[in-house]
There are 2 protein chains.
Amino acid sequence: MKFCNARTRALDPYTPGEQPRIENLVKLNTNENPYPPSPRAIEAMRAAVGEGLRLYPDPESVELRRAVAKRHNVSLEQVFVGNGSDEVLAFAVAALADPGLGMRFFDITYSFYPVYAQLMGIPAHVIALNDDLTVPIEKCFGNDSMLLFPNPNAPTSLALPLEAVRLMVESNPDHAVVVDEAYVEFGAQSAVELVNGYENLLVIRTLSKSHALAGLRVGYAVGSAGIIEGLNRVKNSFNSYPLDRIAQAGATAALLDEDYLLECSGRIQKTRAKALRDLRALGFDCPEALGNFLFARHPQKGGRELFAALRAQGVLVRRFDKPRIGEYLRISIGTDEQMQRLIEALQRALGEG
Amino acid sequence: MKFCNARTRALDPYTPGEQPRIENLVKLNTNENPYPPSPRAIEAMRAAVGEGLRLYPDPESVELRRAVAKRHNVSLEQVFVGNGSDEVLAFAVAALADPGLGMRFFDITYSFYPVYAQLMGIPAHVIALNDDLTVPIEKCFGNDSMLLFPNPNAPTSLALPLEAVRLMVESNPDHAVVVDEAYVEFGAQSAVELVNGYENLLVIRTLSKSHALAGLRVGYAVGSAGIIEGLNRVKNSFNSYPLDRIAQAGATAALLDEDYLLECSGRIQKTRAKALRDLRALGFDCPEALGNFLFARHPQKGGRELFAALRAQGVLVRRFDKPRIGEYLRISIGTDEQMQRLIEALQRALGEG
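Calculation notes
- Residues numbered from 1 in each chain as written.
- Chains lettered and ligands numbered in written order.
- Predicted model: local features only at pLDDT ≥ 70, side-chain atom pairs only at ≥ 80, totals over all residues.
- Heavy atoms only, no water.
- Contact = heavy atoms within 4.5 Å.
- Buried area = accessible area lost by both parts, 1.4 Å probe.
- Salt bridge = Lys/Arg side-chain N within 4 Å of Asp/Glu carboxyl O.
- Polar contact = N/O pair within 3.5 Å; in protein donor to acceptor, adjacent residues only side chain to side chain.
- Nonpolar A, V, L, I, M, F, W, Y, C, P; charged D, E, K, R; others polar.
- Least-squares fit on C-alpha atoms with pLDDT ≥ 70 in both.
- Axes fitted to C-alpha atoms, helices over the stretch in contact; angles between N-to-C directions.
- Helix = DSSP H or I, 4+ residues; strand = E, 2+ residues; numbered from the N terminus.
- Parallel < 35°, antiparallel > 145°, perpendicular 65-115°, else oblique.
- Left-handed = near helix turned anticlockwise from the far one by under 90°.
- Core = buried A, V, L, I, M, F, W, Y, C linked by side-chain atoms within 4.5 Å.
- Buried < 20%, exposed > 50% of the residue type's maximum accessible area, 1.4 Å probe, protein only.
- Pairing = 2+ DSSP bridges.

Novice: Before we go on, may I ask you to explain the interface of chain B and chain A in this structure?
Specialist: Interface size, as often reported, equals the accessible area lost upon joining of the parts. Taken together, the contact between chain B and chain A spans 83 residues of the former and 83 residues of the latter. If you sort the residues of chain B by the area they bury against chain A, Phe3(B), Tyr56(B) and Phe238(B) come out on top, with a joint share of 13%. Our enumeration of links across chain B and chain A arrives at 0 salt bridges. Here chain B is connected to chain A by 36 residue pairs in polar contact (both at pLDDT 80 or more). Of the residues assigned to the side of chain B that touches chain A, the class counts are 45 nonpolar, 18 polar and 20 charged.

In structure tokens:
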């Protein structure tokens, strides 16, 4: 990396889950939705593919932001949109985290957070989860810096109740509290209704999971107009047009099709409940999950071994080679048929052991 | 902007050209291509709109990078792709500019460069263009920091010959030289053929102008494997998937359809030659342009006045309210009919004066 600066040479980037091209693979490794996107979204994207692509998109994504504002009952000035929630998170850290104060996140959390901190030179203050991987809520009170956490948490799939989030926001009146709700639409309680009451709260969402649009790259944030202005400044100092015309059109239509969202989310929650029972029946330690994924370990068989045994049978899950959670598998909720194949593959893996 | 950090509060973001929704407007303000994208690109995007969008895109954009590599006769490891060349430029500044050394660019150049420098805390060393807006090449030799310039330059549309660029690259062996070739495919000489000879050279391109895909947001960079690795590290510390599935498919097809590119570019160059003659016949001072836009001023009528007179007649051009160039209009090359409407509107504007 000659010609690159020292910070770049020191970076340890995020590694996304594999996107392998294997026929007949049961792909349960990146929390994708097993169902297709809304037919209305597909229709809107088809209509956007054409001659109009010679023109720049709306840099302010007004139609899309209007759909978000309508959905969450906030004003246009309270909505920011970006190229996936990863980009929205990056802009939030850039705008809100103070290099002199640092930022707070859990030791077990979305593994992109420490990467943002490193990229932007923000000292990280790590809050260790309890032994059972629940959040030590009282350690999140009265912070001296920005707090960022997913709810439900990743990769544990454990959710905090709204009241706990509210207390965390209320007890940090001088610092931003950012709640990453990538997985909230599978049964957890959202904090988005609190944004009008707390100026320091920012809620971030993605269309990747619940709207089945991981391939389109759209995420958004809802918060006070002041915080949103900060995000806009950073975005407009980085890339004026992160959302293309097709993505804006598709995301707008998807957000307006709430019935479809609820239907798919309901099916996934049903499948999740059955998969949880099946895993426990196999002896797995698997806490009650509220994301579209389960986080499970087996007392007799290690995570690395199980991961490999599944992969050999064409079932791909995710495992994090990290302290405290190395024995766990993170298993996305697929269709009933896919989960059946997973359970059968696990039975064989455990039977062999 | 309560809760935002000091750097964010101090930012002075880039302002993109307007994207107004006015019927029958002659839109010559953002250097869009007046012709539609390649029919093959349209077809590829149509095929990508569907159920597959529930899955993440390829985070490494291998197919697209392969198309870039093929086009420029380099290896896959020498190609980086991003969400428009603005994002690629942002990553290049983040990876290559050293906060201790700063970066060099012209006083009259793409106005996003100083914004990147500000966002990333990079001191700016400004090289003043000559009085006739040409580049003082000798001032670009032997720099002590990264050098970034567009060729052709924006908003002047003046291009440097390949040999001048080569000398600039050769005389800065210890620092990156980044050539922003957003407008190179309208008749200027590209430096991309030099990348195998000079490890410090990075060439950045966009599909927005020459490929008529401003609405799709795809740009790329070609350089040494070491520099490209640095860009990848920054990108993967910021957003793993900046290019959605449809954008990857459309851009790949567009790049492989070189005949279409050459045909559209040829038409634009012909229209440009006539518009240049017409403007000069109206008394405009308008240098020989090699981008898909002209940069012109009139000795009798100010830039602000001309801009307003055109706008009142439904013709939108761009004017930069900045030192040295406030009297100029930047006029994108549209169709022959659009340029005829521009010339007629200018005749009326000058007749009124």
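Novice: Explain the relation of the copies chain B and chain A to me, please; I cannot follow it from the model alone.
Specialist: Each of the two chain copies goes to the other by way of a rotation about an axis and a shift along it. Of the transformation superimposing chain B on chain A, the axial component is 0.0 Å and the angular component is 180°, with the fit at an RMSD of 0.0 Å. Such values leave the two copies arranged in the relation of a two-fold axis. It is Arg46(B) whose C-alpha, among those of chain B, lies nearest the rotation axis, at 3.2 Å.

Novice: Would you take a moment to explain the packing of helix H3 (residues 62-72) of chain B against helix H8 (residues 245-256) of chain B for this structure?
Specialist: Each pair of packed helices can be described by the angle between their axes along with the distance between the axes. All names here are of chain B. Interhelical geometry of H3 versus H8 gives an angle of 15° and a closest axis separation of 8 Å. Overall, the two elements H3 and H8 adopt an arrangement that is roughly parallel. For H3 against H8, the interelement crossing comes out left-handed. For the pair formed by H3 and H8, the contact residues are Glu63, Leu64, Ala67, Val68, Lys70 and Arg71 on the first element and Gln248, Ala251, Thr252, Leu255 and Leu256 on the second.

Novice: Before we go on, may I ask you to explain the nonpolar core in this structure?
Specialist: In a soluble, globular protein the nonpolar side chains are often hidden away together inside. In this structure, Met45(A) and Met45(B) are the most contacted members of the largest nonpolar core, which totals 110 residues. Within the second largest apolar cluster, 74 residues are counted, among which are Met103(A), Ala117(A), Leu202(A) and Leu96(B).

Novice: Hey, could you run me through the sheet that holds strand E4 (residues 124-127) of chain B in this one?
Specialist: Strand pairing in a sheet relies on backbone hydrogen bonds. The paired strands run either parallel or antiparallel. All names here are of chain B. With respect to topology, 7 strands assemble into an open sheet ordered E2-E8-E7-E6-E5-E3-E4, the strand pairing being mixed. Each end of this open sheet is capped by a strand with a single partner; those strands are strand E2 (79-82) and E4. Taking each pair of neighbouring strands and ignoring which way they run, the sheet shows an average axis angle of 20°. Across 4 bridges, the pairing between strand E5 (residues 146-150) and strand E6 (residues 177-180) is parallel. In the sheet register, Pro150 faces E6, and the bridge partner there is Asp180. Most of the contacts of helix H4 (residues 84-96) go to strand E7 (residues 201-206), to which it runs at about 160°, and overall it touches E2, strand E3 (103-106), E5, E6, E7 and strand E8 (219-223).

Take it as geometry only, folks, not as evidence of what the structure does.
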